[in-house]
Structures are given as structure tokens and as C-alpha cells.
Amino acid sequence: MTTGDIRPRSGDDNTRFRLTVVDQALRLFAEKGYEATTVDEIAEAAGISRRTFFRQFRSKEDVIFADHESQLAQAAEFLAAAPGDPWETVCEAVVQVFERFTQWREIAERRYQVVRRVPALREREIVTVFRYERLFTDYLRDRLPEVPDLARVQYTAAVTATHNYLLRRMVRGESDAGAADLRVELAAIPRGSGRRPGVDELVVAVFPRDTPPRQVADLVARKLGSL
């Protein structure tokens, strides 16, 4: 063990520990290149031993996306505990992810610069994005079983893509959009259709065959207005 080796702890301490290692790894990748940087160099820069590194991360590739593990875990906890409308709950979970990335903006910026240069890392990023979509889709399947599955998948793909678009613009320095801006954009995404009790009910009206069309329209409008 190296002198001053930082031991990870549970909860917030472990998150901070992992972010420290991620930050140092991304700094070295940006300075030296991904392929040229070794695990030993990352461990030394973070003040930990090689053994401690591998207790927390499986590889150099794993450390780049390590903060996503914390993000996914926190999002899952929020979804499990949140009451209210499931569509709104997914939006709020997405906003919380965005806010945490805003707090860790330097890490997000460094990762973007590193990932865009390494094809294998871009592929890993696609897989990571899909994990968010799957988390949100599974949640909607559980809370809204009556909604068509395609509608749920379309919705979670749209909210995730909206989040990623604004985040990438932020890390590229093209936008200062914040959580409020993201909420506005998410609110504009159509919710999936599905029949729920008291919602989207079918109304059937029966009239004599010889009823004038104008009278039919007036009667229907009057009846619907009283529902």
C-alpha cells in the first residue's frame, strides 16, 4: 500500500473517493492519451494503491464511467420512493442527474474530450446511455402497465436524448442551460397513451336517424361540456 492510501468508505464518502480517482484518471488521459496512461499512474495520482484501484474499478475503461454507477443508483432510489405521476417522476429523475453532472462539470468536460477521441469508449458511452433508458422504462412498466410498451420506450428515449443534448452543449461551452431549461424541454415531450380509470373514456351518443346534423353537434357539445 502506498503512503497515504485513500480507503473508500460507504455512502457519500465512497462517491467522493470514486470521483477523485475519476478526476485524476481523466486528467491523465487528457494530458498523455488514453492508451499511454497506465493504471499505476492513475493510482499514484489519486494517492491510492494498485490493489485499491482494482477493488473499485475493473479497468481503465471502467474508471472513465464510474460516476455513472452512482448516478444510476441514486436515480433508482429516487424512482422507488417517489409518489405522484410516473411521467413527472421520470422527468424529475432526469433533472437530478443533470444537476449532479452540472456540479461535476469539470469531470463531464474532461470525459467528453477523452471519449470523443477513442472509438471503444464511444461504444461504452452508448451502452451507458441505454442503461438510463432501461431504468426509466422498467419503472414505467411497473407503474403504468396499461400503457403500450412502445409509448414507454419512446418516452424514455426522448427524455434521455434531451438530457444528453443539453449536457453535451454545456460541456462544449455552447450553452449555459440549467435544470430549469431542461424541465421546460422535458415538459414538451408527449406522454405515452394508455387507458386509465376516469381518463380517456369513450363517449357513445345515440340519436334518431333523422336528427339534423346541426342539432347533433349542439347536443354533443352541450353533453360533453357537462361531463
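Everything quoted here is computed from the prediction, not taken from an experiment.

Asker: What's the story with the overall build of the protein in this structure? I'm lost.
Answerer: For the protein, the helix and strand inventory stands at eleven helices and zero strands. Listed by position from the N terminus, the elements making up the protein come as α-α-α-α-α-α-α-α-α-α-α. The buried share of the protein, reckoned over its 227 residues, is 41%. For the protein, the accessible area works out to roughly 13300 Å², and carbon and sulfur atoms hold 52% of it.

Asker: Sorry, what's going on with the packing of helix 6 (residues 86-103) against helix 8 (residues 119-143) here?
Answerer: Two quantities define a packed helix pair, namely the angle between the helix axes and the distance between the axes. Packing of helix 6 against helix 8 brings their axes to within 10 Å, and their N-to-C directions diverge by 155°. Viewed along their axes, helix 6 and helix 8 adopt a mutual orientation that is roughly antiparallel. At the point where helix 6 passes helix 8, the crossing takes the right-handed sense. Touching P86, W87, T89, V90, A93, V94, V97 and F101 of helix 6 are Y132, F136, Y139, L140 and R143, all from helix 8. Residue composition of the contact of helix 6 with helix 8, grouped by class: eleven nonpolar, one polar and one charged.

Asker: How should I be thinking about the pattern of salt bridges in this particular structure?
Answerer: Charged atoms that come close allow side chains of opposite charge to pair. One pass over the structure, following the stated rule, counts 18 salt bridges. Between R50 and D40 there is a salt bridge; the shortest N-O distance is 2.9 Å. Of this pair, R50 sits in helix 3 (residues 50-56) while D40 sits in helix 2 (residues 39-46), and the two are ten residues apart along the sequence. When its relative accessible area of 43% is taken as the criterion, D40 is described as partly exposed. Several salt bridges share partner residues, and in doing so they unite R58, E61, D62 and R124 into one network.

Asker: Is there a simple way to explain the environment of L79 in this structure?
Answerer: Its location among the elements puts L79 in helix 5 (residues 66-81). Given a relative accessible area of 3%, L79 falls into the buried group. Each C-alpha atom of the pair L79 and L135 lies 9.2 Å from the other, and the pair is 56 residues apart in sequence. If we ignore the near neighbours within four places in the chain, the residues touching L79 are T89, V90, A93, L135, F136, Y139 and R143.

Asker: Can you help me understand the side chain of T156 in this one?
Answerer: Tracing the chain through its elements places T156 in helix 9 (residues 149-171). Engagement of the side chain of T156 in a polar contact is seen with the backbone oxygen of V153, the distance being 3.2 Å. Other than its neighbours up to four places away in sequence, T156 contacts E133, F136, T137 and L140.

Asker: When you look at helix 7 (residues 105-115) in this model, what are you seeing that I'm missing?
Answerer: At 3.6 residues per turn, the α-helix brings residues three or four places apart onto the same side. Of the residues making up helix 7, those classed as buried are I107, A108, R111, Y112, V114 and V115. Projected down its long axis, helix 7 shows its buried positions confined to an angular sector of 165°, all on one face.

Asker: Teacher, can you tell me more about the environment of A73 here?
Answerer: With respect to the helices, strands and loops of the structure, A73 is situated in helix 5. Residues A73 and L135 lie 62 residues apart in sequence; the distance between their C-alpha atoms is 9.9 Å.

Asker: For this particular structure, what's the right way to read the packing of aromatic side chains?
Answerer: In this description, a pair of aromatic rings is defined by centroid distance and the angle of the planes. Scanning the entire structure with this criterion turns up five aromatic pairs. Considering the side-chain rings of F29 and Y34, the 5.1 Å spacing of their centres and the 65° angle between planes classify their relative orientation as edge-to-face. The same class applies to F29 and to Y34, which are both buried. Here the aromatic rings of F53 and F57 are separated by 5.2 Å at their centres, their planes lie at 45°, and the arrangement is tilted. On the basis of relative accessible area, F53 is assigned to the buried category, the value being 0%. The class of F57 is buried, set by a relative accessible area of 1%. Through a chain of ring-to-ring contacts, the aromatic side chains of F53, F54 and F57 assemble into a single cluster.

Asker: Can you help me understand the nonpolar core in this one?
Answerer: In summary, soluble globular proteins display a tendency toward joint burial of nonpolar side chains. If you look at the biggest cluster of nonpolar residues, it comprises 58 residues, and the most contacted ones within it are V21, F29, V63 and I64. Here this core gets nine residues from one element, more than from any other, and that element is helix 6. Excluding residues within four positions of it along the chain, F29 makes contact with Y34, T37, I42, K60, V63, I64 and V114.

Asker: How should helix 2 be read in this particular structure?
Answerer: Here helix 2 has its buried residues at V39, I42, A43 and A46. The buried residues of helix 2 all sit within an arc of 95° when viewed along its axis, so they share a single face. Taken from the residues just after helix 2, G47 is the one with a positive phi, measuring 75°.

About the cut-offs
- Residues numbered from 1 in each chain as written.
- Predicted model: local features only at pLDDT ≥ 70, side-chain atom pairs only at ≥ 80, totals over all residues.
- Heavy atoms only, no water.
- Helix = DSSP H or I, 4+ residues; strand = E, 2+ residues; numbered from the N terminus.
- Buried < 20%, exposed > 50% of the residue type's maximum accessible area, 1.4 Å probe, protein only.
- Areas by Shrake-Rupley, 256 points an atom, 1.4 Å probe, with all protein chains shown as cover.
- Axes fitted to C-alpha atoms, helices over the stretch in contact; angles between N-to-C directions.
- Parallel < 35°, antiparallel > 145°, perpendicular 65-115°, else oblique.
- Left-handed = near helix turned anticlockwise from the far one by under 90°.
- Contact = heavy atoms within 4.5 Å.
- Nonpolar A, V, L, I, M, F, W, Y, C, P; charged D, E, K, R; others polar.
- Salt bridge = Lys/Arg side-chain N within 4 Å of Asp/Glu carboxyl O.
- Polar contact = N/O pair within 3.5 Å; in protein donor to acceptor, adjacent residues only side chain to side chain.
- Arc of directions from axis to C-beta.
- Phe/Tyr/Trp six-rings, centres within 6.5 Å; stacked < 30°, edge-to-face > 60°.
- Core = buried A, V, L, I, M, F, W, Y, C linked by side-chain atoms within 4.5 Å.

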